[in-house]
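Residue-level structural notes
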Amino acid sequence: MSTSSSSYRPEIDGMRAIAVSAVILYHLKIQTSEGTFLPGGFLGVDLFFVLSGFLISGIMLDEFSRTGGISVKQFYLRRARRILPALLLVMLASLPVAWFLLLPSELDRFSLSLVAALGFVSNGFWFFELSEYGAQSGLLQPFLHTWSLAIEEQFYLLFPPFLILLLPRVKMRPLLWILVAMTIAGFAVAAITTVLHPAFSFYTPTSRAWEMLAGAVLAVLVREIGPATRWQISRVIPAVSLVVLIGAFVTQDLVSMQHPGLGTVPVILATCGLIWCADRNEPVTRLLSLSPLVWVGKLSYSLYLWHFPIFAFGRIMSIDKPSPTEMIAWTALTFALSAIGYYLVERPFRFRVPWRPFALSAAAALVPVAAITIFSVTTDGSQSGRTQALAKLYGPAESDNATLAAASWQLLNKRFPDEEIGAWNALRPSESGSKELWFESAGSANVLIIGDSLSKDVYNALTLNAERFPNYEFARFNLHRSSLDEDLSLLRDTPNFEAADVIMVAPNYYREFRTALQTILEAVNHDGKTVLVLGNTAKFDAGGPRPLFDWFLMKTQETSALTELNALATQYEDRRAQDQNSAIREIAEAAGATYLSRRRLVCPDEASCTLVTKTGRKTMYDDLHWTLEGAALFGQRAASAGWLREIEARAIND
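Residues numbered from 1 in each chain as written. Predicted model: local features only at pLDDT ≥ 70, side-chain atom pairs only at ≥ 80, totals over all residues. Heavy atoms only, no water.

**Some points on the state of the cysteines**
Throughout this description, disulfide means a covalent bond between two cysteine sulfur atoms. Test applied: Here, two cysteine sulfur atoms that lie within 2.5 Å of each other are counted as a disulfide. Partly exposed residues are those whose accessible area sits between 20% and 50% of the maximum for their type, while under 20% is buried and over 50% is exposed, using a 1.4 Å probe and protein chains only.
For the coordinates displayed, the defined rule picks out 1 disulfide. In this model Cys 603 forms its disulfide with Cys 609; the gap between the sulfur atoms is 2.0 Å. Measuring handedness by torsion sign, the sulfur bridge of Cys 603 and Cys 609 sits at about 105° and is right-handed. Each of the two residues, Cys 603 as well as Cys 609, counts as buried. Its sulfur unpaired, Cys 272 is 10 Å from the next cysteine sulfur, which belongs to Cys 277. Overall, Cys 272 belongs to the buried group, its relative accessible area being 13%. Taking the relative accessible area as the measure of exposure, Cys 277 reaches 3% and is therefore buried.

**What about the pattern of salt bridges?**
How we decide: The salt bridge criterion pairs a side-chain nitrogen of Lys or Arg with a carboxyl oxygen of Asp or Glu, the two atoms within 4 Å. Helix and strand definitions follow DSSP, with helices as H or I runs of at least four residues and strands as E runs of at least two, each counted in order from the N terminus.
In total, this model carries 24 salt bridges according to the counting rule given. Between Arg 79 and Glu 153 there is a salt bridge whose closest N-O contact spans 2.5 Å. Taken together, the residues Arg 79 in helix α3 (residues 72-101) and Glu 153 in helix α6 (residues 147-166) connect sequence positions 74 residues apart. Here the two residues Arg 79 and Glu 153 agree in accessibility, since each one is buried. The residue Lys 555 makes a salt bridge to Asp 320 at a minimum N-O spacing of 2.4 Å. Of this pair, Lys 555 sits in helix α25 (residues 548-556) while Asp 320 sits in the loop between α14 (300-317) and α15 (324-352); the two residues are 235 residues apart in sequence, bridging distant segments of the chain. What makes Lys 555 partly exposed here is its relative accessible area of 45%. Taken together, the salt bridges that share partners define one network made up of Glu 573, Arg 575, Arg 599 and Glu 606.

**Here we look at helix α24 (residues 513-524)**
Applied cut-off: What a helix is expected to span follows from its residue count: subtract one and scale by 1.5 Å. For this quantity, the arc is that covered by the directions from the helix axis to the C-beta atoms. When checking whether two residues touch, look at their non-hydrogen atoms; a contact exists if any pair is within 4.5 Å.
For α24, with 12 residues, the first-to-last C-alpha span of 16 Å sits near the 16 Å given by 1.5 Å per residue. Every buried residue of α24 is accounted for by Phe 513, Ala 516, Leu 517, Ile 520, Leu 521, Ala 523 and Val 524. The arc that holds every buried residue of α24, seen down its axis, measures 160°, which confines them to one face. Those residues of α24 that are exposed and aimed more than 90 degrees away from the buried face are Thr 515 and Glu 522. The elements touched by buried residues of α24 are β3 (445-451), α22 (484-491), α23 (495-499), β5 (502-505), β6 (530-534) and α27 (575-590).

**What about the confidence of the model for the chain?**
What counts, and what does not: Each residue carries a pLDDT score, the predictor's confidence in it, ranging from 0 to 100.
Of all residues in the chain, 95% have pLDDT values of 70 or greater, and the mean over the chain is 91. Across residues 1-5, where pLDDT falls below 50, the model places 14 contacts with residues more than four positions away in sequence or in other chains. Confidence drops under a pLDDT of 50 for residues 648-654, and excluding neighbours within four residues, the segment shows 22 contacts in the predicted structure.

**Points about the pairing of strand β4 (residues 472-478)**
Sheet faces and side chains relate simply in a regular strand, where the side chains alternate between the two faces. Keep this limit in mind: In this scheme, strands are said to pair when DSSP sees at least two bridges between them. Looking down the strands as they point away from the viewer, one classifies a crossover as right-handed if the path from the first strand across the helix to the second runs clockwise.
Buried residues dominate β4, accounting for 7 of its 7 residues. Residues of β4 alternate between two faces, with Tyr 472, Phe 474, Arg 476 and Asn 478 on one and Glu 473, Ala 475 and Phe 477 on the opposite face, all of them buried. Sheet topology note: the β3/β4 ladder contains 7 bridges and is parallel. Following the sheet pairing, Ile 449 is matched in β4 by Arg 476. Where the polypeptide runs from β3 across helix α21 (residues 453-463) and back to β4, its parallel neighbour, the crossover connection is right-handed.

**Quick look at the sheet that holds strand β7 (residues 594-596)**
The cut-off we apply is this: A fitted line through C-alpha atoms serves as each axis, taken over the contacting stretch for helices, and the angle formed by two N-to-C directions is quoted from 0 to 180°.
Strand order across the open sheet formed by 5 strands is β4-β3-β5-β6-β7, with parallel pairing between neighbours. Across the chains shown, the open sheet's two edge strands, defined by having one partner strand only, are β4 and β7. Strand-to-strand twist of the sheet, defined as the mean angle between neighbouring strand axes without regard to direction, takes the value 25°. One ladder, built from 4 bridges, connects β3 with β5; its direction is parallel. Bridge assignment links Ile 449 to a residue of β5, and that residue is Met 504. Of the strands in this sheet, β3, β4, β5 and β6 touch α21, which is tilted by about 165° from β4.

Shown next as structure tokens:
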């Protein structure tokens, strides 16, 4: 049985409305007593993937049925009309906002993200950007959401040619089974990749292809077998499917579920169930076909494009956590701009504007995008509106925390100039840390500092105060919790470990710190080496997207008010990190190691913590990492506290 489904189906727009609403509510991050509202709203993107596979495959199958072939040229021209006008409009509207709001490093990232979005490689761009140590929150990246567009377009680079080759050679029934096999294989790839590397799996098209292939299977199914409405069980499938979707949006959590993979299957099956079993006489289909839902569904692409930059810029402008009023305003602006863009740009350029003016308009829109990209990557951005405004407010302090973060790696890079270590590659042990011997003086005591990015801060603190530790030399080796066993095995074979007299354990302690610390101590606490375990550094949370220094300065708008910050800082200290220190000390002492208080370097007494130096500079570039100025100060305090002077005689209490 061959059935075309090219006629308009309003319930599909209703499903789009559900998907985009879930994504928007998820990205608002509305706080509840148990976390955030609609924690599984990100699964709306997966619903979109299935719908996209179903609709686009259906269009190609219908074209082949009518003409005996599929025009690749027309397919990609249709995609250009569908994708580019609304995307370019949002980019053009975002450019002046970015110019006035973003710091130089942020403007660089923003402009490159526009290029990545236009090249449909955003998924790769954001995977690498957000994998960096100290990366800004994804909620502050205006075009992060374009990763999903990139995955769709990458899929559609391969799928149409595949159909073009296959359709003349096989009938619909064999095609159905081929697509089913591909979907199952794609799911297996996604499930395995998610287990091995969840972040990579989230952004790679190979882990998402099975979702669009599931839609393609459905497109063949309704043409070969027909809708499922003739079956008795089909009457309950839409209701069950809707319950499953809403249940997934309400209960699922990205951190705890296997996604994309096994945890995604209910959403994919529910989406397929709604599509295949839709019937105009069935209650759920009628619900999804209601005019308000259909209208939102028609706007869904524009809503998806507009909401994230509006939310991101809104968060950048907010000093504290966004209020309900701000969230309502963001959402209202999203709908207003989406409707304007849909009626004035998206629809006309998709259906009515001839190709020549379409191409000229797209080319003209690319000019300012190219201009700001070239400007941002070839200059230091010191002329941007926000940079000029902040320079006066910040005085001697650096307003761009990314600049301070990059500077904090420079001592390591100067030590071995042939290898650049930075946020982009700091998740793994460096070549110099793995193969080179850093210790040069035969009469010195050799201290090997191990841990993640926080061990870099301790290395900076001690190295910048080398004259206060005249009998010691320092080296560093990176350990990361995601590859701890592998890194420890490598550590044991390094020249620095063999030559070290003292092993200083200085990581950031996460939720699994007990097991991780015990694993580290079992690996290093032998061979006659002295082992020092550093407790947590002081960590701070102002409640918003900014570090405490920046939040306080934005709040007061007075540089002179910074003299009060150190006394107020204790009110914003993360007590969970402080509370962990007693357990860290117990584990260290049980293993025969000496415990040192890293927190005391930042908070020398219970009345104050040092977030600003006497010269008005930052000691931290985020909520816990030390700037070079902060490291120099905290290294002085370590020397005054007797670090490395009598390490075997006493432990320094927290």
